[in-house]
Amino acid sequence: MTTAVLQPALALPVRPVEKATAEPPWVRLLLIGLALAFLGIFLFVPLAAVFYEALRKGVGVYWQAVTEPDALAAVRLTLLAAAISVPLNLVFGVAAAWAIAKFEFRGKNLLITLIDLPFSVSPVIAGLIFVLVFGLQGWFGEWLSEHDLKIIFAVPGIVLATIFVTFPFVARELIPLMQAQGTEEEEAAVVLGASGWQTLWRVTLPNVKWGLLYGVILSNARAMGEFGAVSVVSGHIRGLTNTLPLHVEILYNEYQFAAAFATASLLALLALVTLVLKAWVERRFAD
Amino acid sequence: MKHRLLIAAALALTTTVAAGADITLLNVSYDPTRELYQDINAAFAKDWEAKTKDKVSIKQSHGGSGKQARSVIDGLDADVVTLALAYDIDEIASRGRLLPQAWQKRLPNNSAPYTSTIVFLVRKGNPKGIRDWGDLVKPGVAVITPNPKTSGGARWNYLAAWAYALKTFGPDEAKAKDFVGRLYKNVPVLDSGARGSTTTFVERGIGDVLIAWENEAFLAVKELGPDKLEIVAPSLSILAEPPVSVVDKVVDRRGTRKVAQAYLEYLYTPEAQDIIARNYYRPIDLKVAGKYEKQFPKLQLITVDEVFGGWQKAQKTHFVDGAVFDQIFTR
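Residues numbered from 1 in each chain as written. Chains lettered and ligands numbered in written order. Predicted model: local features only at pLDDT ≥ 70, side-chain atom pairs only at ≥ 80, totals over all residues. Heavy atoms only, no water.

Q: Residues and numbers for the packing of helix 4 (residues 69-102) of chain A against helix 5 (residues 108-120) of chain A, please.
A: Residues and elements named next belong to chain A. Relative to each other, helix 4 and helix 5 sit at 150°, their axes nearing to 11 Å. One finds that helix 4 runs roughly antiparallel with respect to helix 5. Classified by chirality, the crossing of helix 5 by helix 4 is left-handed. Where helix 4 abuts helix 5, its residues F92, A96 and I100 lie against K108, L111, I112 and I115. Partitioned by chemical class, the residues of the contact of helix 4 with helix 5 number six nonpolar, no polar and one charged. (Axes fitted to C-alpha atoms, helices over the stretch in contact; angles between N-to-C directions. Helix = DSSP H or I, 4+ residues; strand = E, 2+ residues; numbered from the N terminus. Parallel < 35°, antiparallel > 145°, perpendicular 65-115°, else oblique. Left-handed = near helix turned anticlockwise from the far one by under 90°. Contact = heavy atoms within 4.5 Å. Nonpolar A, V, L, I, M, F, W, Y, C, P; charged D, E, K, R; others polar.)

Structure below.
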């Protein structure tokens, strides 16, 4: 019964397929080849090399390297830093982008410049800022020491440094998008009686969700991979203040190359997991 | 939600780890001692538990000696520091005021439980024919040594070269300066720590000769194979005495003075001295030293005190901003 109904739809007139380009085949092959070679050399080979080196001495060595207590502590710390910094930056990024894109106010340019600041200063400087402020010889050093509070050379410092370097990602991703969309839809919503909160949840956020997701992914990738700023405030205490990238460096310096690459592959795997999550979210919530 | 779960999981895991150990100490050390203190820590923890029933776990932090001292001054909570040279601990005493100025008198042998010296590491077969310091200034010889501003080992390297020049060309500071200047003209990369230089030389294959801690050279040969590298002992070198100390302000705040003190005293026991020798540091215990005598090359060793009048003076003349090193290393 159903098939009979569907029949007319399939009986559309068949048109010949038109070619998308008119270039000769060799030009197309050359361009495709160049693109693939570029991808291969700069993305695939390094990634493959990491896993190859990691597994070169066998699965046993690999497993031992990634389950060793110091490595697990590094994984925990890295995840913790990302788990704190990414949501904070998400909330701040949305708020800042909303304010900047949808409203006019004094000091707007100053705010934009400040958001960009972490992009323009070197991560090492970012780390040193925290040493100068919270270090024992720094502004609050004496006070912190008297109250037995640890900021730098401890987990809070690492989280602070991570927040600092990942600060712009969400906001920077959203601002151009929101500006391009203008304020008409929001105005319509308000005219129809929506509250500010309803407008944000039902109009503004759905419009920027892909940009938001991308900002979060970038922010997360940087949070897990940051080396410079974290290295300055870490103090390099094994099992306590070493993040995954710092642990990789330590292992490499200890001639434990297989273990270093095993840990590096863990970092790469975390990145891949993030990308898979993103693909899943995209499919799940696609329009 | 995912993130909240993660935070909860991470916090839960951190607390369980912390609950397992009764006492933790932090040993802030310089670059090449990683392997040494891994062994020492395990042995000390066992010894301490047998004596007091307390479990002690010792955390390690490594880097260039000067950089590590800087971190302790900036608030890295080191219960003990085991650095490359006395000057760096002096800095913690004078700039950080974290321990008394006379710290070096508190343990035997100027608070140095082991000594070492500076040797050369060359590629197998010694293709450039490097035998002594004089060969390092020849044109076309690339020398690898770390930055004396941040690395303790590098300062020993520099002073050893200076002492050789003084002895070879007579006590003439100008000639020594010229010699060391020519040596540093042959240095293509200055890493921030001794281990960084070793990786530059060994892994990245840069340079013809690495000026290195004796223990670091032995370790590199052991880890990477005697078919690739060999050690050359110069005619004269420097007696390096890497000192150790409790950081008073930190142990008093954390209540760890007793165990930190015991940890450092343990380094002087025959048991620890044996571990020290097995990690290619020269033990100061005569009996243990006798046992491992054949392991170490015999060479003439001068001290910083007799040639340079102590570390404070050497630092002031050679390594502070604008001093001799800055004058010869301008490019």
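Q: So what about unusual backbone geometry? Which residues, and what values?
A: Residues and elements named next belong to chain B. A positive phi is found at K53, a non-glycine position, where the angle reads about 70°. In this structure, K53 sits in the loop between helix 2 (34-52) and strand 2 (56-63). If you check the backbone angles, S111 has positive phi at about 65° while not being a glycine. Considering the arrangement of structural elements, one finds S111 in helix 5 (residues 108-111). Since its relative accessible area comes to 1%, S111 is described here as buried. (Buried < 20%, exposed > 50% of the residue type's maximum accessible area, 1.4 Å probe, protein only.)

Q: Summarise the side chain of S71 of chain B; cite the residues concerned and give the values.
A: Here S71 of chain B lies in helix 3 (residues 65-73). When residues no more than four places from it in sequence are discounted, the contact partners of S71 of chain B are F153 of chain A together with L76 of chain B.

Q: How would you sum up the interface of chain A and chain B? Please name residues and give values.
A: In this assembly, 28 residues from chain A lie in contact with 37 residues from chain B. Taken together, the two surfaces of chain A and chain B that pack against each other cover about 2,700 Å², and 60% of this comes from carbon and sulfur. When the area that chain A buries against chain B is broken down by residue, the three leading residues are R76, R238 and Y255 of chain A, summing to 26%. Our enumeration of links across chain A and chain B arrives at three salt bridges. (Buried area = accessible area lost by both parts, 1.4 Å probe. Salt bridge = Lys/Arg side-chain N within 4 Å of Asp/Glu carboxyl O.)

Q: Kindly report on the sheet that holds strand 5 (residues 118-123) of chain B, identifying the contributing residues and their values.
A: Residue and element names in this part refer to chain B. Spatial strand order, 6-7-5-8: four strands in an open sheet with mixed pairing. Each having just a single partner strand, strand 6 (143-144) and strand 8 (229-232) make up the two edges of the open sheet. Direction of pairing for strand 5 relative to strand 8: antiparallel, over a ladder of four bridges. By the bridge assignment for strand 8, R123 is matched with L229. Strands strand 5, strand 7 (209-213) and strand 8 of the sheet are contacted by helix 9 (residues 214-224), whose axis makes an angle of about 160° with strand 8. (Pairing = 2+ DSSP bridges.)

Without other data, these values stay purely geometric and don't point to any function.
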